[in-house]
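The primary structure of each chain is shown beneath.
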Amino acid sequence: MDNNESYVFDNGVFKLESDVKVGVRSKALNYGLGVFEGFRAYWNEEEQQLYGFRLRDHFKRLKECAKITNLNFPYSVDQMIDFTKQLLSKNHLKQTTYVRPLVLNDSNDITPNLKDPVVRVIMYVQPMKKRVMKDELTAGFSSWERLNDNMLPPHSKATGAYMNSALAFLEAGNHGYDEALFLTNNGHVSEGTRENIFMLKHGKLVTPPTSDNILEGITRETVMQLVRNEFQIPVEERSISRTELYGADEVFVSGTAMEVTSLVEVDNRIIADGHEGNLVKSLKELFFSVTTGKNDKYKDYCTPVYNN
């Protein structure tokens, strides 16, 4: 897909991407005053159907994030779902695709405040079969701490907040790791640069609570539900120390980009036998059956794009 010839949603209008401009004076560009979402639409080859995954939950979160940052916009969740279906259809996409909606403060005033009512909603698409090309990743804890709720709300997917992730990711790459992990200011494990983290230990799946400055991932919630309901493994939300991870039976991350991916090494410590574990293997298979609309039990999570 040629990005310049793809269609983009821009404040209620579908335009060619080459015709969509953000001004040099825009507060969104100058100060990162905006929030965003990210989700996938999964292609089902057998049905020749594209399924948007948990669209309602993603747009509910986008509305909440916008409200937190005083970026209220006029479209309802149902309208955003309809716009998404139209956008994917107009681009004739028949492959798994990433969708990125943004809500921006597009005022040209030079003052970094959020009072200006100039709110712009943009949404674009990017074919993405698999974001992470490796099934087994290495990670290290960053010297950069995770943002906390009294700095910049970590529960809001604020565009400017991702400088925190970018710095940590750069540091991890310079140290030879595939990914960076964050600690909170009191030393608890928080999350990765773009994903939530889980560890399997003593027969339980453990993940950090929201109070440890995580983003409440929709993939995270899906993973917790699938593990409880389909594998009958108890799931516990509690604070985790970094050293607990070293002795875990399995460690993995989840997110729209990462989906479900194993961490086989943390801080140069090999996790278990250093390979993708049995839980992750089974969970990935189940997860893809759910996201592609092949699992009738979770069909409500999938919104069909095309009227076959």
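Residues numbered from 1 in each chain as written. Predicted model: local features only at pLDDT ≥ 70, side-chain atom pairs only at ≥ 80, totals over all residues. Heavy atoms only, no water.

A.B. asks: Quick question: what am I supposed to make of the nonpolar core here?
C.D. replies: Soluble globular proteins: nonpolar side chains tend toward being buried together. Counting residues in each nonpolar core, the largest one holds 29 residues, and the members touching the most others are Leu-50, Phe-59, Phe-73, Met-80, Leu-88, Val-103 and Met-123. For this core, the secondary structure elements donating two or more residues are β4 (39-44), α2 (55-68), α3 (77-90), β6 (97-105) and β7 (119-127). Per-element accounting of this core gives the leading share, 6 residues, to α3. With sequence-adjacent residues up to four places away left out, Met-123 is seen in contact with Val-8, Phe-9, Phe-59, Met-80, Phe-83, Thr-84, Leu-87, Val-99, Arg-100 and Pro-101. Counting 23 residues, the second-largest nonpolar core is a separate cluster that includes Leu-200, Met-224, Val-235 and Val-290. (Core = buried A, V, L, I, M, F, W, Y, C linked by side-chain atoms within 4.5 Å. Buried < 20%, exposed > 50% of the residue type's maximum accessible area, 1.4 Å probe, protein only. Helix = DSSP H or I, 4+ residues; strand = E, 2+ residues; numbered from the N terminus. Contact = heavy atoms within 4.5 Å.)

A.B. asks: Even after reading the chapter, I still don't get the packing of aromatic side chains, so can you show me in this structure?
C.D. replies: One pair of aromatic rings is described through two measures. These are the centre distance and the angle between the planes. Scanning the model with the defined rule gives 12 aromatic pairs in all. Consider the rings of Tyr-75 and Phe-83, whose centres lie 5.2 Å apart with planes at 85 degrees: the pair is edge-to-face. Using a relative accessible area of 13% as the deciding quantity, one classes Tyr-75 as buried. Within the aromatic cluster, the residues linked to one another by ring pairs are Phe-9, Phe-14, Phe-73, Tyr-75 and Phe-83. Residue placement shows Lys-63 over the ring face of Phe-73; its charged tip is 4.4 Å from the ring centre. Stacked on the ring of Tyr-7, the Lys or Arg Lys-90 has its end atom at 4.5 Å from the ring centre. (Phe/Tyr/Trp six-rings, centres within 6.5 Å; stacked < 30°, edge-to-face > 60°. Lys NZ or Arg CZ within 6 Å of the ring centre and 35° of its normal.)

A.B. asks: I tried to follow the environment of Ser-18 on my own but got confused; where do I start?
C.D. replies: By the secondary structure assignment, Ser-18 is in the loop between β2 (13-16) and α1 (27-31). Here the alpha-carbon distance between Ser-18 and Cys-302, two residues 284 residues apart in the chain, equals 30 Å.

A.B. asks: Would you explain a nonpolar patch on the surface in this entry?
C.D. replies: A contiguous nonpolar patch, built from Val-22, Val-24 and Leu-29 and spanning about 290 Å² of accessible area, is present on the exposed surface. Of note, Val-22 is situated in the loop between β2 and α1. (Patch = residues over 30% accessible without salt bridge, like charges linked within 9 Å, V, L, I, M, F, W, Y side chains within 5 Å. Areas by Shrake-Rupley, 256 points an atom, 1.4 Å probe, with all protein chains shown as cover. Salt bridge = Lys/Arg side-chain N within 4 Å of Asp/Glu carboxyl O.)

A.B. asks: Before we go on, may I ask you to explain the packing of α2 against α3 in this structure?
C.D. replies: Angle between the axes and distance between the axes: these two values describe a pair of packed helices. Where α2 contacts α3, the two axes come as close as 9 Å, and the packing angle between them is 120 degrees. The angle between α2 and α3 places the two elements in the oblique class. Every pair of crossing elements has a handedness; the one defined by α2 and α3 is right-handed. Packed against α2, whose contacting residues are Leu-55, Arg-56, Phe-59, Lys-60 and Lys-63, the element α3 presents Val-77, Asp-78, Met-80, Ile-81 and Thr-84 at the interface. Across the contact of α2 with α3, the residue classes tally to 5 nonpolar, 1 polar and 4 charged. (Axes fitted to C-alpha atoms, helices over the stretch in contact; angles between N-to-C directions. Parallel < 35°, antiparallel > 145°, perpendicular 65-115°, else oblique. Left-handed = near helix turned anticlockwise from the far one by under 90°. Nonpolar A, V, L, I, M, F, W, Y, C, P; charged D, E, K, R; others polar.)

A.B. asks: What is the right way to read the pairing of strand β10 (residues 189-192) from this model?
C.D. replies: Consecutive side chains along a regular strand alternate between the two faces of the sheet. The pairing of strand β9 (residues 179-183) with β10 spans 2 bridges and is antiparallel. Across the sheet, Leu-183 pairs through a bridge with Val-189, a residue of β10. Between the antiparallel neighbours β9 and β10 lie 5 residues, among them Gly-187 with a positive phi of about 85 degrees. (Pairing = 2+ DSSP bridges.)

A.B. asks: Please clarify how unusual backbone geometry should be interpreted in this entry.
C.D. replies: Most peptide bonds take the trans form, and the phi angle of most residues other than glycine is negative. Phi is positive for Asn-70, which is not a glycine, with a value near 60 degrees. With respect to the helices and strands, the residue Asn-70 is situated in the loop between α2 and α3. Owing to a relative accessible area of 41%, Asn-70 belongs among the partly exposed residues under this scheme. The phi dihedral of Asp-267 falls on the positive side, at around 55 degrees, and the residue is not glycine. With a relative accessible area of 8%, Asp-267 lands in the buried category.

A.B. asks: Looking at this structure, how should I read the layout of surface pockets?
C.D. replies: Empty space among the atoms can be located by rolling a probe the size of a water molecule over them. There is about 660 Å³ of room inside the largest pocket. Phe-36, Lys-157, Tyr-162, Thr-193 and Arg-194 are, among the 35 residues lining the largest pocket, the residues nearest its centre. Those elements that provide at least two residues to the lining of the largest pocket are α2, β6, α4 (162-174), α5 (218-231) and β14 (250-255). Of the residues forming the lining of the largest pocket, the biggest block, 4 residues, is contributed by α4. (1 Å grid on protein atoms, 1.4 Å probe; cavity = no way out; pocket = protein on both sides within 12 Å on 5 of 7 lines; lining within 4 Å. Points joined across faces, edges and corners; volume = space filled by probe spheres on them.)

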